[in-house]
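Each chain, written out:
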Amino acid sequence: MNVIQIRGLEFSACHGVNPDEKTAPQKFVIDADIKTDFYAAAKNDDIGGTVNYAKACKAIAATVQDNVFNLIEKLAYECAFAVLENFKRAEAVTVTVKKPEAPMSKKFDYVAACVALERNTAYLSLGSSMGDKKAYLDKAVALLDKVRGVKVEKVSSYLPTKPYGGAAENEFLNCAVKISTFLAPENLLSEIHEIEKQCERVRTVRWGDRTLDIDIIFFGDKILRGQNLTIPHADYKNRDFVLTPLKEIAEGFICPDTGKPL
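These figures come from a predicted structure and were not determined experimentally. (Residues numbered from 1 in each chain as written. Predicted model: local features only at pLDDT ≥ 70, side-chain atom pairs only at ≥ 80, totals over all residues. Heavy atoms only, no water.)

Chemist: Before we move on, could you go through the packing of helix α2 (residues 53-65) against helix α3 (residues 72-86) and cite the residues and values that matter?
Modeler: Packed helices, taken two at a time, are described by the angle their axes make and the gap between the axes. Orientation of α2 relative to α3, taken along the N-to-C sense of each, is 145°, at an axis distance of 9 Å. The interaxial crossing formed by α2 with α3 has right-handed handedness. For the pair α2 and α3, contact is made by A59, I60, T63 and V64 and by L75, E78, C79, A82, V83 and N86, respectively. Considered class by class, the residues forming the contact of α2 with α3 number seven nonpolar, two polar and one charged. (Axes fitted to C-alpha atoms, helices over the stretch in contact; angles between N-to-C directions. Helix = DSSP H or I, 4+ residues; strand = E, 2+ residues; numbered from the N terminus. Left-handed = near helix turned anticlockwise from the far one by under 90°. Contact = heavy atoms within 4.5 Å. Nonpolar A, V, L, I, M, F, W, Y, C, P; charged D, E, K, R; others polar.)

Written out as structure tokens, the structure reads:
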């Protein structure tokens, strides 16, 4: 993968927690690494095949100068989102926001926040066994599509299935969803939990009946074995209610853990 590098992009803007930082402009310096495949652009000497760095700088400038944020962490994320949202050829971006005039008494060069985002395709499994099941699934899909950095690409048919795990009693309605996302897996999981909460999910009995359950099954080709998140989902191979909807929307997908198609 090739990289477009932007270094030392300077701005005078108002970002900070303190009241005076919101009115008195300070210096901010931004670096950006934009990953993109510009082989064709180089071969044909055509700017249409790459990320236009002047336009990328303009998108970053609008983010920095048209907003007032408390945190440089927020500013870094917003700049990274601006690049990925405006340039489809950008596969990933790393943005570093430096604040050389931060209000601190010690001598320092600058404080900085660095954010790295990349495009990924993820597959989710959704299920409901309480209340208006279809309405909960419809609402979940709509809420997913409203999350910053998430776009719903495909939704499978809704499939009635028998309860799984021995605790639930009601019939489930299940589906699979394909999304594109800039979020890290852990951040996507956090957004999913918020959507489950908005759909009245109450966590009591494991595998019991619930208004909404959303699982991350695959996240690109990543294999994660974290304390709170396992990708691919640890039990997906044993769940027909996961596999059947997935096959409908993920034709040709190769499972990263097995190297085989669904």
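Chemist: I'd like a rundown of the pairing of strand β9 (residues 213-219), residues and numbers included.
Modeler: Summarising burial for β9: seven of the seven residues are buried, a large majority. As judged from the six bridges shared by strand β5 (residues 120-128) and β9, these two strands associate in the antiparallel manner. Looking across to β9, one finds that L126 is bridged to I214. (Buried < 20%, exposed > 50% of the residue type's maximum accessible area, 1.4 Å probe, protein only. Pairing = 2+ DSSP bridges.)

Chemist: Describe the layout of surface pockets, listing the residues and the values that go with them.
Modeler: Unfilled space is identified by rolling a water-sized probe across the atoms. Here the second largest pocket is characterised by a volume of approximately 220 Å³. If you trace the second largest pocket, you find it lined by K74, Y77, E78, F81, L117, V147, R148, L183, A184, N187, S190 and E191. At four residues, the largest contribution of residues to the lining of the second largest pocket is made by α3. Among the residues making up the lining of the second largest pocket, the classes are represented as six nonpolar, two polar and four charged. (1 Å grid on protein atoms, 1.4 Å probe; cavity = no way out; pocket = protein on both sides within 12 Å on 5 of 7 lines; lining within 4 Å. Points joined across faces, edges and corners; volume = space filled by probe spheres on them.)

Chemist: I'd like a rundown of the packing of aromatic side chains, residues and numbers included.
Modeler: Scanning the entire structure with this criterion turns up five aromatic pairs. Considering the side-chain rings of Y77 and F81, the 6.2 Å spacing of their centres and the 35° angle between planes classify their relative orientation as tilted. With Y77 and F81 both in helix α3, this residue pair falls four residues apart, about one helical turn. Ring centres of F218 and F253 lie 4.7 Å apart, and the angle between their planes is 45°; this geometry places the pair in the tilted category. In this pair, F218 sits in strand β9 while F253 sits in the segment after α6 (240-249), placing the two residues 35 residues apart along the sequence. For the residue pair F218 and F253, the accessibility class agrees, reading buried in each case. Members of the aromatic cluster, connected to one another through ring pairs, are Y123, F218, Y236 and F253. (Phe/Tyr/Trp six-rings, centres within 6.5 Å; stacked < 30°, edge-to-face > 60°.)

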